[in-house]
Structure formats: structure tokens, C-alpha cells
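# Architecture and fold: a report
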Amino acid sequence: MKKLIVLPFLMATICQAYAQQQEPVQPALIPVPVKAQYGQGYSVISKQTAIDAPGELKYEAAFLNGLARQYLGYALPVIAHTNRYSIKLSIDTLLVREPEGYLLESNGNIRITAHDRPGLVHGIQTLRQLWAVQKGGLRVPFATIVDHPRFPYRGMHLDVSRHFFPVPFIKQYLDLLSLYKFNTFHWHLTDDQGWRIEIKKYPKLQSIAAWREETMIGHKKELPHRFDGKRYGGYYTQEQVKEVLQYAAERHITVIPEIEMPGHAQAALSAYPELGCTSGPYKAATFWGVFDDVFCAGKDSTFTFLQDVLDEVIALFPSQFIHIGGDECPKTRWRACPHCQQRIQTEKLSNEEELQSYFMQRVTKYLQAKGKSVIGWDEILEGGLAKGATVMSWRGTGGAVEAARMGHDAIMTTEDDYYFDHYQSLYPSEPVAAGGYTPLKEVYTYQPLPDSIEPSLLPHIKGIQGQLWSEYLPTNEQAAYMLLPRAIALAEVAWSPAANLNYDGFLYRLRKQSPILKRIGLAMASNFDEITYTTDKVLRGSLSFHLHSSLREAVIRYTSDGSLPDKSSRVCSGLVQTGGRNGVLRARLFRNGMPMGRMFELPYYINKATGADITVTNLPSGKYGGPALKLVNGLSGSHRFNDSQWVGFTNNFEAVIDLGSEQTLTRVGANLLNYAWQRMWPTVALEFYISDNGTNYTKIATLDNFPVNGINQARKTVPAVKARYVKITGLHPGTIPAGKYGAGSTATMMISEFILE
Ligand code: ACM
Ligand code: ZN
């Protein structure tokens, strides 16, 4: 190992691995039940065991038998009122009062008593998680488990437009949902890049809209876009949809179909261009984004088409809810369209937002007249929410709060926490993903019920849902990689009482899930154990941060001298000081002397601003919020923008840095993120001023050019000046302009570091 040099700038690192925990004795049930008691001894399921179920529970008995056969290799006889050893299934709404609840008893015989048939399936899945294969049968520990869900709505979404997933994968997905007690599958069937459900009245949806000419390669932020030149597509026939619905029904999973409108409609328009404002021609989109060509809200033929489509959808799907999208609909075409403008006049609407509301309300009324209820993304609040509609709050929690205050129901689908197309690891070698950073721990520990909501309105928050958008999921394997284990964490948050949630306990149980996941043919990512860091203390001119891993019996070894950590490198334990000029901290997990997993790398950049006293006006709170020290902690944010290093201003700000004593400055700078595709815009200008008394300031530099589509490391050399105080003002870009992603909303102005040298 190279000798460490301790330099004037010290970097202190605290490392943690969790080798000390006591091994819990509890079976690895996920979601963790409301109450569970375990006894000494086992019930045995064998050739001598029958399933004791009345005729009206024959489907649940068959479901249990189907699972048991996978493990036993044979089916159990189903006999009502038997004297044999049995697994008895029954419904008792007095004994089990909560919807979807069940009581599982194992004491030689096994009995699952449920409030309803979905509850029985949940109890059966718990039994399946409890049993272990032994010679000639299955062993189930003696147990009494009382269980019911926290939220009535527990969903997972899947986008099959950006990439198409065949029926066998959808069945695996449903197996997974059932295993972890989800009750809703949100099937995102239509979007700009492909229409995926057969509609018999409109055959061109199959022959044209289901296909795109080619698909972009890499991330959409990489310009110019590159394409693979391969025709891509597919759709589910109505027979296949029925097969999926049957499979879901056996598991008591509701399938909510989503037919997107008025935006995300380019694939539909490619087949029926007369439904767009300009009448085309259009092509199914070949890259990812939000597109201006949407359904024309002025033409009655649009509504005829959508009603016909929905008629076929309703005939297929027994779900009470139909999802009609409503998100990300640019108004560009509507503003220029005589039909749309005519509609605004005749309906006495004040603008295009109200036209969207008109559109959604008209379709909602149509569905309501057919006895259905409507769900939409939170944009359906804009311009007036249709009566009775349920809101999926994806742009934060505000949509849910607003909906609840209006007496509507809402589901938490927040993009920062429940979008599983976000990166789950900060390691650079992760496969390309949409953006953002939503690690397993974030999913698990995020509190889905916002503090800002009045307690009396909480019953309007029906539940939570994870989203799996598929732009960057070209294969089943990549979809599973992003889904698992995050969906399992979400399942536990959705089902288990908040008081029972414990991340370490969850990880212990999660690690035991691989065999059961293997049975449904899915593998989970294990990168949740990789090294992460947090900062909490930054001293002037030095860094101090913690390295963590949740992997038991592993040590973290690290270097900061440019070498690669090996089994003789320093072990992180407690506070460590290393040489701390600018450089890269490298760390690796070692177990039994063997390196594990990927290398952790954290570049740091220590300068005169590092650790200085800083005050900032208009400092935001929340995900992109303070503390102000983030701006001078020596660490720059990565392109995974919610990595906790970026401050996202929504206003002008003024920062004052006190260097503690007079210092000579020759260069100033800042790191900014220019991600217009993510509503993140750079500042219009940063102005740097100096002062020796903190009162009278002189301007020394302006930074106003941030051309990089990504992280801009803006620097400016200045004639040498002496100063104790540096003031930096940031000019916010305001509202996102028309034609850009998120047009009309406030831009987030992302800054991660101020540099003074
Ligand atoms: C969404 O992510 N556009 C709902
Ligand atoms: Zn129009």
C-alpha cells in the first residue's frame, strides 16, 4: 500500500458496514405481516395432505395447488370437510374484518381464513413464502399470522409502448405482483412510440400504429440522436389480452388499461392522421420525449374514435377504473388549429388548458355513463378536474394534496421515489437509464403520505404505485433489473403498517428472495449493497464524509492516492483522514479478503470555497434543497441529478461566502446542470462580487454561457484580487418556454458547487 500523505486539506471519511447485527429468527416474509407469532415445530404438507375448501373457493384451491405442485411435483386432493391433514381455506368476515386481510394458522394443520377471496390469495402467498422443501413434502413453521394491507391500492405500472413485452413476461410480472401482495397492474398500452392493443374497429392501429421504423440508441440527451435502423413493434391481440386478464383474475389482480390522450398519441395519429390538428402525415415516434402532435380537441371524429376504442377496452377489461393518461400534452398544435380554436369559442373556454380539461371531462363523462371510473396523471387537475376522477400524483405530491382537497381520490406515483426507470446506483457503469437516482433505500424509506395534507383527507390517498417506463428497457432482463428489488420494497411500504417498516430487517428478508424469484424466472439487481456515501460535516478546506454498505461481513477498503484499493488498503472504520488534495476516493468491498462488486469512485475538488461559511437566500427545500453547505462541500453532483448534491433553485438567489480571512482569488466558477429535457435549466447569469467587509461589494466576474447539454463546469479567470467575502447572485431563467419539455412550468435551476481559487 502506498504511504498516505497528510496534506493541509484533510479529508475525513467514516465508513460503516453492518456486520454486527443479530440474525433475526423470523421467516423472510415480504411484505412483513401486521402480526406474526412463531412456535416450535412444523406442519408438513405431503401426499397425506388435502386442500379443504368449499366449492365456491375452487379457484383459490386450484391456485394454491398450482403453486404447491411447482414445489411438490404433484397436486393435492381438494376435499371439503376432510378429516385428513389439510390446508383449510375459508372466508369469515367476522373473524377477519379488514378487506384483503387473512389469518394464517399453522399448528399441524394449516388454516387460512380470509375476509374475502383476494385475502385468501394473499394468505396463500404467505404460506408459499413460509414453506420449505423437505424430503417428500413441504415444511411450514408453526405460526399464527394476522395480516391486512395498509393501502387499498397497491400497484405496479408497465409501459409496453416504448418497448414491447410479450405475454409470457406479463405473466411473470403478474406472478411477481401476486407474490408480494400487489393488487393492481397498470398496463400502459399506448404512447407515441407504439399502439399495443388490438382494436378491431381500427385495423390500422395494428398494421401501422403498432410499428415504428427504428429506435434511438443511447440516451435521448445525446445529440444528434442515433438510430438502429430496425423496424420495431408488436401488439397484444384481444385474445392475448383476455389470456392476461384471466391470469390476473386468478390472482385477484385488477388490470387497469391506460389509453393515453390527448397527448402521447403520435402512434395513433400515424394510422389515423385525420385525428391530428394538421392531418399529418405522422410517424410513430422513434425517439423518446414529448411530441407536439396530439389528438385534435376540435374535431368530433377524435371523440368518436376514442369512444369506439374505449368501447372495445371496456368490453375486455373488468376493471372499474380506466386510465386515460392526460399527461404532458403540449398545446402548440391546438393554438394554431382552427378546429380547436372553434371548440374553445363554442364551449366558452378561456384557453388551451381549459380545452384539455374539456377533452378529459368529455371522455370521463362517456366512461362514467358506461359505469366506469377514470384515472389520470396529475395534469388532469389543470383547467378543472372531471367529477369523480382519481389522480395519479407523479410530479411530486402536490397533485394528490390538491385532488384530496377537492374531494377526489389520489394515488402516489411520485417520479423521484417511485419511478423505477431511474438509476438505482450512482456507479458510472450502470446500464443507461432515464435519469435521476432512486436507490432501493429511497423507495423503502420514502414516506408516501405528505405532511402537507390534512389528516382528515388521508383516506383520499388510496395507495401507491411504482412506474416502469420502458424507454431504456429493451429486454425482459433489463426490465427485471430495474424492477427488482425496488418493486419488492414498494410492496412492503404499500402493504405493511408503517410501524413495522425497518430497512435493515427488510434487507435481511430481501436477501432470501432469490430462490423464490428464480421460480418465477426473474433475477434481481444486487447493487443495493454497493458503497454509497453521505456528507454531513465539511470543515474549512477539508472534506468529511461517510462510506456505507449494507452488506454484512464486508469491509470497505479505500485509497485516495490514485491507486486501486486492494486487500491491503486501508479499512474504513470510524473517522479516517487521508491525503486531501483534489482527487478521487476509491473504495471497494472485501469479504474474506476477496474483492466484491464494482469499484466505488468519488471525485472531490477542494478549493478556497470548500467548507467556508455560506448563506443563501431563496434556498429551496425538498429533494433539491439545502443545506447551503452542499454548494461548497467539494463534491460535484453527477448527471443522476437527485444524487443529493444539486441545489435546484426556483428563484433568483444571493449567496454570500465568508472565507474566514482575506484570500487571494484568481479564478471563480460553478458547476451547473443543463438538462432542459428534465425541466432543469441553467442560470441566466451568475455574478461574482467581492468585499473585505461584507457590506461593500465590487463585481469581478459574470458567468453566462453554459452550452453543455449536461454538467457545465463553468470557470472564469480573474485578475488576482484579495477578498474575505464573495457574493454570488444567480438569475433564474423563469418559466420554461413553449416547445420545450415542461413548457409553462417553473424551470429548476441546478447548481452543485461554487468554486473559488
Ligand atoms: C409521466 O411520467 N409522464 C406520467
Ligand atoms: Zn385541433
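### Some words on the overall build of the protein chain
From N to C terminus, the protein chain includes 17 helices and 38 strands. For 757 residues, the compact-globule formula gives about 27 Å, and the C-alpha radius of gyration of the protein chain, at 28 Å, lands near that figure. Overall, the C-alpha framework of the protein chain stretches about 90 × 70 × 55 Å when taken along its three principal axes. Counting only residues that meet the buried cut, the protein chain has 58% of its 757 residues in that class. The long-range share in the protein chain, meaning contacts at least 24 apart out of those at least 6 apart in sequence, stands at 72%. Carbon and sulfur atoms make up 52% of the accessible area of the protein chain, which totals about 29,600 Å². Across the protein chain, the 77 positively charged side chains and the 71 negatively charged ones have centroids separated by 6 Å.

### Let's talk about the side chain of Q238
Within the secondary structure, Q238 sits in helix α5 (residues 238-250). Not counting the four nearest positions on each side in its chain, Q238 is found in contact with E198, I199, K200, E312 and L316.

### Looking at unusual backbone geometry
In this structure, the amide linkage connecting L223 to the following residue, P224, adopts the cis form with an omega of -5 degrees. Locating P224 in the fold gives a position in the loop between β14 (216-217) and β15 (226-227). With an omega of 5 degrees, the peptide bond between G280 and P281 qualifies as cis. Even without glycine at this site, S279 takes up a positive phi of about 60 degrees. Note on placement: S279 falls in the loop between α6 (266-271) and α7 (300-316).

### What to know about α7
Its 17 residues give α7 an end-to-end C-alpha distance of 25 Å, which sits within 8% of 24 Å, the value for a rise of 1.5 Å per residue. Among all positions of α7, only T302, F303, F305, L306, D308, V309, L310, E312, V313, I314 and L316 are buried.

### Quick notes on the coordination of the zinc ion (ligand 2)
Around the zinc ion (ligand 2), the donor atoms from the protein are C277 (SG), C296 (SG), C337 (SG) and C340 (SG), and they sit 2.3 to 2.4 Å away. Of note, the zinc ion (ligand 2) draws all its donor residues from one chain, in the sequence arrangement C-x18-C-x40-C-x2-C. With a gap of 41 residues between them, C296 in the loop between α6 and α7 and C337 in the loop between α8 (332-336) and α9 (338-346) connect regions that are remote in the sequence. Across the pair, exposure class does not vary: C296 and C337 are buried alike.

### Topic: the pairing of strand β20 (residues 390-393)
On a regular strand, one side chain projects to one face of the sheet and the next to the other, so that they alternate. Here β20 shows no split at all, with T390 and M392 on one side and V391 and S393 on the other all buried. Note that strand β19 (residues 373-377) and β20 share three bridges and pair parallel. In the sheet register, W377 faces β20, and the bridge partner there is M392. For β20 and strand β21 (residues 410-412), the ladder comprises three bridges, and the chain directions are parallel. Bridge pairing links V391 to A410 in β21. Remark: the β20/helix α11 (residues 398-405)/β21 crossover connection has right-handed handedness.

Scoring rules and cut-offs
- Residues numbered from 1 in each chain as written.
- Chains lettered and ligands numbered in written order.
- Predicted model: local features only at pLDDT ≥ 70, side-chain atom pairs only at ≥ 80, totals over all residues.
- Heavy atoms only, no water.
- Helix = DSSP H or I, 4+ residues; strand = E, 2+ residues; numbered from the N terminus.
- Rg over C-alpha atoms; globule rule 2.2 N^0.38 Å.
- Buried < 20%, exposed > 50% of the residue type's maximum accessible area, 1.4 Å probe, protein only.
- Contact = heavy atoms within 4.5 Å.
- Areas by Shrake-Rupley, 256 points an atom, 1.4 Å probe, with all protein chains shown as cover.
- Lys, Arg positive; Asp, Glu negative; His and termini not counted.
- Charge placed at Lys NZ, Arg CZ, Asp CG, Glu CD.
- Expected span 1.5 Å × (residues − 1).
- Donors = N, O, S within 2.8 Å, 3.2 Å for Na, K, Ca; no water.
- Pairing = 2+ DSSP bridges.
- Right-handed = clockwise from strand over helix to strand, strands pointing away.

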